[in-house]
Amino acid sequence: MYCTRVVTPVARCMNSALARPLSSAVVSRRQEVVIPQAVVPANSNISSLISQIRSFQTSAVRKDIDSAAKYIGAGAATVGVAGSGAGIGTVFGSLMIAYARNPSLKNNLFSYAILGFALSEAMGLFCLLMAIMIIYAL
């Protein structure tokens, strides 16, 4: 508890956790709120004063939340790269099975396999490009 020099008796003594948003009060280390030593008129609204303090302190927390959301989104976008790897494995595994069943269609099967490889790899590259755009463009 600390006491502030505010004229109204309601806000004479307030807990420092009440002057900060819940996310910064729980996550961050204990910080003291500094209120400027300005003359507060007797008819001023203490809620506007507290909202000014909160809006000043939440800027750093909001930036941290935005950067965390950016990295979480980029990580979620890279999941498609694993799908691309699984798709490439499936394409060439199916090529081996088809070639083992009918070796005379080797050229046709290989051209279809290369087409499937290119499409699967393109989807993986699109996912990777989206992750890079999320990190650096936003």
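Residues numbered from 1 in each chain as written. Predicted model: local features only at pLDDT ≥ 70, side-chain atom pairs only at ≥ 80, totals over all residues. Heavy atoms only, no water.

Asker: Please provide a residue-by-residue account of the overall build of the protein chain, values included.
Answerer: When you go through the protein chain residue by residue, the secondary structure sums to 4 helices and 2 strands. Its helices and strands taken in sequence order, the protein chain reads β-β-α-α-α-α from the N to the C terminus. Counting across all 138 residues of the protein chain, residues that qualify as buried make up 21%. Look at the contacts in the protein chain between residues 6 or more apart in sequence, and 61% of them connect residues 24 or more apart. Element-wise, carbon and sulfur atoms account for 68% of the exposed surface of the protein chain, whose accessible area totals about 10100 Å². (Helix = DSSP H or I, 4+ residues; strand = E, 2+ residues; numbered from the N terminus. Buried < 20%, exposed > 50% of the residue type's maximum accessible area, 1.4 Å probe, protein only. Contact = heavy atoms within 4.5 Å. Areas by Shrake-Rupley, 256 points an atom, 1.4 Å probe, with all protein chains shown as cover.)

Asker: Go over a nonpolar patch on the surface with me, naming the residues and quoting the values.
Answerer: A grouping of Val81, Leu125, Leu128, Ile132 and Tyr136 is seen on the molecular surface, where their side chains present a nonpolar patch of about 500 Å² in accessible area. For the nonpolar patch, the element with the highest residue contribution is helix α4 (residues 106-137), accounting for 4 residues. Locating Leu125 in the fold gives a position in helix α4. (Patch = residues over 30% accessible without salt bridge, like charges linked within 9 Å, V, L, I, M, F, W, Y side chains within 5 Å. Salt bridge = Lys/Arg side-chain N within 4 Å of Asp/Glu carboxyl O.)

Asker: Break down the environment of Leu95 for me, citing the residues and quoting the values.
Answerer: You can see Leu95 is positioned in helix α3 (residues 79-101). A residue is classified by how much of its surface remains accessible, and Leu95, at 12% relative accessible area, is buried. Measuring from C-alpha to C-alpha, the distance between Leu95 and Leu109 comes to 6.6 Å, with 14 residues separating the pair along the chain. If we skip the residues at most four places from it in the chain, Leu95 touches Leu109, Phe110 and Ala113.

Asker: Could you give an account of the UniProt feature "transmembrane region" (unreviewed entry) in the protein chain, naming the residues involved and the relevant values?
Answerer: Those places that UniProt annotates as "transmembrane region" (unreviewed entry) correspond, in this numbering, to residues 71-100 and 112-137. Structurally, residues 71-100 is divided into 97% helix and 0% strand, and its ends, taken at the C-alpha atoms, are 45 Å apart. Strand forms 0% of residues 112-137 and helix 100%; the C-alpha atoms that close the span are 36 Å apart. (UniProt positions renumbered as here; feature names shortened; annotations may be inferred.)

Asker: Summarise α4; cite the residues concerned and give the values.
Answerer: Helix length check: α4 (32 residues) gives 45 Å between terminal C-alpha atoms against 46 Å at 1.5 Å per residue, within 8%. Here α4 has its buried residues at Ala113, Gly116, Ser120, Gly124, Ala131 and Ile134. (Expected span 1.5 Å × (residues − 1).)

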